[in-house]
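Survey of secondary and tertiary structure
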Amino acid sequence: MTNSLDYSKSEQYTLSIRLSTDGFSFSIYNPISGSDLFHRTYPINTQRSMAANVKAFLAATEELKHKFKHVNILIHSPRYTIIPLELFEDEHMETLFYQNVKEFKNEIVLCNILGKSNSVILFSLDKLTHLLLSEHFHSARFFSSISPQIEYLTIKSRQGNTCKMYINIHQGDIDAICMNKGKLLLVNSFPTPNANDLVYYILNIWKQLEYDQTRDELHLTGINERKKEITKELQKYISHVYSINPHAEFSGSESNVRIEDIPFDIQSLILCE
């Protein structure tokens with residue numbers, strides 16, 4: 001993919017790095033013009049640790065050696081939990097996290113305070129990976145990849161008078177975020193190795209929340225091939241099934257980057273900046 005960014009102006013740009021067990025990626029965005037956008041993926045060695053992959057990624061990627069105005073690190077992992085803002089206390093962060101998530105050694109627990117949904121996401125990252133990234137990017141901000149999605153979709157869900165379910169489809173799992181006119185009803189991530197599992201989880205959540213099959217809305221984003229695979233099946237049970245259109249959200253962008261190639265959590269973070 002052609003990189004047309006002028007790196008003499010990199011201190012005006014926002015760098016967003018996404019770390020996942022199925023590969024890394026990063027996006028560079030110029031918030032001043034709204035039209036300069038670059039995205040690139042980076043394969044990882046699944047036999048190596050996250051920290052070893054991050055070290056290799058930082059050493060091999062020339063674009064990451066510039067200075068940026070903002071650096072965001074997104075961690076795509078199911079190791080997160082959500083709590084209401086009024087129950088959050090800094091000093092009890094680890095206790096709250098490990099009440100819901102199995103404890104691992106040598107990790108740090110971090111938090112994202114979400115003002116639009118009045119909630120807090122607690123998540124973890126291994127200490128060595130956190131150290132490598134913090135030393136390389138001194139002002140880096142760390143996010144669970146679910147956090148910007150919740151903030152962005154909280155705003156989107158206030159449009160209209162229906163309940164909405166948002167599903168972000170990844171290679172082997174999904175993020176599910178369910179809203180009722182800006183009120184958060186459910187957030188969770190599920191492993192979905194095949195299309196049948198994907199459909200099962202979506203319809204099961206729909207049933208549990210007692211959503212209306214003829215009135216309420218299901219919005220899909222993520223990997224296009226998996227979306228196409230399940231849409232017709234879901235339409236047998238749910239009248240209003242939509243695909244989130246990233247081009248509409250980035251209508252001001254003149255970049256040659258295919259917006260749909262940028263992970264939805266990074267899109268959400270850029271749009272919430």
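Presented here is a report on the structure given in the accompanying data block.

Quick notes on the rules
- Residues numbered from 1 in each chain as written.
- Predicted model: local features only at pLDDT ≥ 70, side-chain atom pairs only at ≥ 80, totals over all residues.
- Heavy atoms only, no water.
- Helix = DSSP H or I, 4+ residues; strand = E, 2+ residues; numbered from the N terminus.
- Contact = heavy atoms within 4.5 Å.
- Polar contact = N/O pair within 3.5 Å; in protein donor to acceptor, adjacent residues only side chain to side chain.
- Axes fitted to C-alpha atoms, helices over the stretch in contact; angles between N-to-C directions.
- Parallel < 35°, antiparallel > 145°, perpendicular 65-115°, else oblique.
- Left-handed = near helix turned anticlockwise from the far one by under 90°.
- 1 Å grid on protein atoms, 1.4 Å probe; cavity = no way out; pocket = protein on both sides within 12 Å on 5 of 7 lines; lining within 4 Å.
- Points joined across faces, edges and corners; volume = space filled by probe spheres on them.
- Nonpolar A, V, L, I, M, F, W, Y, C, P; charged D, E, K, R; others polar.
- Pairing = 2+ DSSP bridges.
- Buried < 20%, exposed > 50% of the residue type's maximum accessible area, 1.4 Å probe, protein only.
- Arc of directions from axis to C-beta.
- Salt bridge = Lys/Arg side-chain N within 4 Å of Asp/Glu carboxyl O.

**Remarks on the environment of His170**
Here His170 shows up in the loop between strand S9 (163–169) and strand S10 (173–180). Residues contacting His170, with those up to four places away along its chain left out, are Arg18, His76, Asp175, Ile223 and Arg226. Of the polar contacts made by the side chain of His170, one reaches the side chain of Asp175; its length is 2.8 Å.

**What to know about the packing of helix H5 (residues 195–208) against helix H6 (residues 224–234)**
Geometrically, a packed helix pair is captured by the angle between its two axes and the distance between the axes. Running from amino to carboxyl end, H5 crosses H6 at an angle of 55°, the nearest separation of the two axes being 10 Å. With respect to H6, the element H5 is oriented oblique. In this structure, the crossing between H5 and H6 has a hand that is right-handed. Contacts from Ala195, Leu198, Val199, Ile202 and Leu203 of H5 reach H6 at Arg226, Glu229, Ile230, Glu233 and Leu234.

**Notes on empty space enclosed by the protein**
By the definition in use, this model includes one cavity of 30 Å³ or more. Approximately 40 Å³ is the volume found for the largest cavity. Gln149, Leu153, Tyr166, Ile167, Asn168, Asp175, Ala176, Ile177, Thr221, Ile244 and Phe264 together form the lining of the largest cavity. Among the secondary structure elements, those contributing two or more residues to the lining of the largest cavity are helix H4 (146–156), S9 and S10. Tallied by class, residues from the lining of the largest cavity come to seven nonpolar, three polar and one charged.

**Here's the deal with the sheet that holds strand S1 (residues 14–19)**
Ordered by their spatial adjacency, five strands build an open sheet running S3-S2-S1-S4-S8, and the pairing between neighbours is mixed. What marks the edges here is a single partner per strand, and that holds for strand S3 (37–42) and strand S8 (141–144). Adjacent strand axes in the sheet meet at a mean angle of 15° when their direction is disregarded. One ladder, built from six bridges, connects S1 with strand S4 (residues 70–75); its direction is parallel.

**Looking at unusual backbone geometry**
Phi at Asn118 is positive, roughly 50°, even though this residue is not glycine. Relative to the helices and strands, Asn118 resides in the loop between strand S6 (107–114) and strand S7 (119–126). What makes Asn118 partly exposed here is its relative accessible area of 47%. Notably, Lys181 is not glycine yet its phi reads approximately 50°, a positive angle. Assignment of secondary structure puts Lys181 in the loop between S10 and strand S11 (183–191).

**Re the environment of Glu229**
Take Glu229: it is sitting in helix H6. Here Glu229 falls in the exposed class, since its relative accessible area comes to 52%. Along the chain, Glu229 and Ala195 lie 34 residues apart, while their C-alpha atoms are 6.9 Å from each other.

**Some details on helix H3 (residues 127–136)**
Owing to its 3.6 residues per turn, the α-helix aligns residues three or four sequence positions apart on the same side. Of all the residues in H3, the buried ones are Thr129, His130 and Leu133. In an axial view of H3, the angular spread of the buried residues amounts to 100°, which keeps them on one side of the axis. Contacts from the buried residues of H3 go to S1, helix H1 (50–60), S4, S6, S7 and S8.

**A short note on the pattern of salt bridges**
Tallying each qualifying case throughout the model produces six salt bridges. Of the charged contacts, one joins Arg40 and Glu63 as a salt bridge, the two residues approaching to 3.0 Å between their closest N and O atoms. Taken as a pair, Arg40 in strand S3 and Glu63 in the loop between H1 and S4 lie far apart in primary sequence, 23 residues in all. The buried category is assigned to Glu63, whose relative accessible area is 13%.

**Here's the deal with the sheet that holds S7**
If you walk across this open sheet you meet the three strands as S5-S7-S6, and the pairing is antiparallel. The outermost strands of the open sheet, each flanked by one partner alone, are strand S5 (80–84) and S6. For this sheet, the mean inter-axis angle between neighbouring strands, taken without regard to orientation, is 25°. Pairing of S5 with S7, which is carried by five bridges, proceeds in the antiparallel orientation. Among the inter-strand pairings, Thr81 is bridged to a residue of S7, identified as Leu122. The strands touched by H3 within the sheet are S6 and S7, with S7 carrying the most contacts at an inclination of about 95°.

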